[in-house]
Amino acid sequence: MSVLSDGLEGLRVPAELSARVPAEQRGPGRGRDDVRLLVSRGEAVSHHAFRELPALLRAGDVLVVNTSTTLAAAVDGRLGAEPGGEPVVVHFSTRGDDGRWAVELRTPDGSGSTRPRGGGPAGAVVRLPGGARLVLAGPLVPGSGRLWWARVDADVPGLLGRYGRAIRYGYTERDQALSAYRTVFARPSPDGAGSAEMPSAGRPFTARLVAELVERGVRIAPLSLHTGVASAEVHEPPYPERFEVPAATAAVVNAARAEGGRIIAVGTTVVRALESAAAGPSRRPESGATASAEGVEGPVRARAGWTGLVVTPARGVRVVDGLLTGLHEPEASHLLMLEAVAGRPALRSAYAAAVRERYLWHEFGDVHLLLPEEEPHRVHCSRNAW
């Protein structure tokens, strides 16, 4: 059943539309920006090369980007305190404030990827490379056994740096260097924090394209949200994640809104962070609880902490005018956020066109730009012409 049960129900994405390798590996002379760009303005759909993005935006628009760097978050291990034991792959998701990590245990599938495995039990030991040990404490959320809190008797960022690799799912063809999972916007965090999975909407950007956007008058504003491990099979809503919206970004966004500029989020992670920064204080998640970020509509404020906000059509969006994102599976919970930004008819039209025109899905695939419908009196506005 689709998340948009009466919108995308029946939509099937053929397996051959999964992007199996990065764009730059699909032929000689290709680069990261050699992907296609599907543009939605209401129910109207148009097709572009990603390199056309600057021509689709206006002077005064703000692209808000996620600077979180991707970690080598997958590490091989063995279940049990003694030699031998069941082989597992540990996906390190999120570091808690008390030093524990939320982790997902998965089973190697023999091809370099993994398949789901139930978590637990509490007290179970996983032996990691270099003599490190991980001990499971309890599920992150009661009733859901996918992510568990765990303690590790080693420095985890150091462990990942020595023995980790990027998380890889079965639709990809082979392992990739960690650099393939990092965007041009990625910046290392002083404490070693980062994302378990790439904030992939920013992947097609290159330094040259960013320079062209800035020259056109589009502003780039950074924030960070460290993504946890996605629920690749069951499409759960995202769990609480750590984020920071700097004061300078809040000021740029608020000034642009006051001047009539559009706020375009580069990725669902950016929507979550921006909307949390305009939605009242966020709270740190406790083991077995999720954070909330409720509040009244207001300007974006500098804010850092945890957010458990899930953007849905019922809540709507308060800051974001448009969204650049990948193509999500019909069952994905992220589609509720897209519906909140653009509406169900726009999604129905866009996704039917994406399948028909054979766009590519997933983190190495094509991208989708959702923009507000043009106001007739703005079409020929002087700020649009450069």
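Residues numbered from 1 in each chain as written. Predicted model: local features only at pLDDT ≥ 70, side-chain atom pairs only at ≥ 80, totals over all residues. Heavy atoms only, no water.

Chemist: Would you mind going over the packing of aromatic side chains with me for this structure?
Modeler: The description of an aromatic ring pair uses the distance of the two centres, along with the angle that the planes make with each other. With the rule as written, the count across this model stands at 6 aromatic pairs. Between the aromatic rings of Tyr 169 and Tyr 171, the centroid separation amounts to 6.3 Å while the plane-to-plane angle is 35°, which identifies the pairing as tilted. For Tyr 171, a relative accessible area of 19% corresponds to the buried category. Each member of the aromatic cluster is reached from another via a ring pair, and the members are Phe 50, Phe 185 and Phe 205. The aromatic ring of Tyr 359 is capped on one face by Arg 36, whose charged end is 4.0 Å from the ring centroid. (Phe/Tyr/Trp six-rings, centres within 6.5 Å; stacked < 30°, edge-to-face > 60°. Buried < 20%, exposed > 50% of the residue type's maximum accessible area, 1.4 Å probe, protein only. Lys NZ or Arg CZ within 6 Å of the ring centre and 35° of its normal.)

Chemist: Just checking my understanding: could you explain the sheet that holds strand 1 (residues 36-41) for this structure?
Modeler: Backbone hydrogen bonds hold the strands of a sheet together, and the pairing may be parallel or antiparallel. Read across the sheet, 9 strands follow the order 2-1-16-15-13-3-11-12-14 without closing on themselves; strand pairing throughout is mixed. A strand with exactly one partner marks an edge of an open sheet, and here the two such strands are strand 2 (44-49) and strand 14 (303-307). Strand-to-strand, the axes of this sheet are offset by a mean angle of 20°, without reference to chain direction. Note that strand 12 (residues 241-245) and strand 14 share 5 bridges and pair antiparallel. The residue bridging Phe 243 from the neighbouring strand is Gly 305, located in strand 14. (Pairing = 2+ DSSP bridges. Helix = DSSP H or I, 4+ residues; strand = E, 2+ residues; numbered from the N terminus. Axes fitted to C-alpha atoms, helices over the stretch in contact; angles between N-to-C directions.)

Chemist: Got a minute to help me understand the pattern of salt bridges in this structure?
Modeler: Opposite charge on two side chains allows them to pair when their charged atoms are near. Taken as a whole and judged by the stated rule, the model has 19 salt bridges. Here Glu 275 and Arg 315 are joined by a salt bridge, their closest N and O atoms 3.0 Å apart. Residue Glu 275 is found in helix 5 (residues 268-277), and its partner Arg 315 is found in the loop between strand 14 and strand 15 (322-326); the two are separated by 40 residues along the sequence. Between Glu 339 and Arg 344 there is a salt bridge; the shortest N-O distance is 3.2 Å. Among the residues examined, Glu 339 registers a relative accessible area of 12% and is labelled buried. By relative accessible area, Arg 344 is classed as partly exposed at 25%. Each of Asp 33, Asp 34 and Arg 51 takes part in salt bridges that share partners, so that together they form one network. (Salt bridge = Lys/Arg side-chain N within 4 Å of Asp/Glu carboxyl O.)

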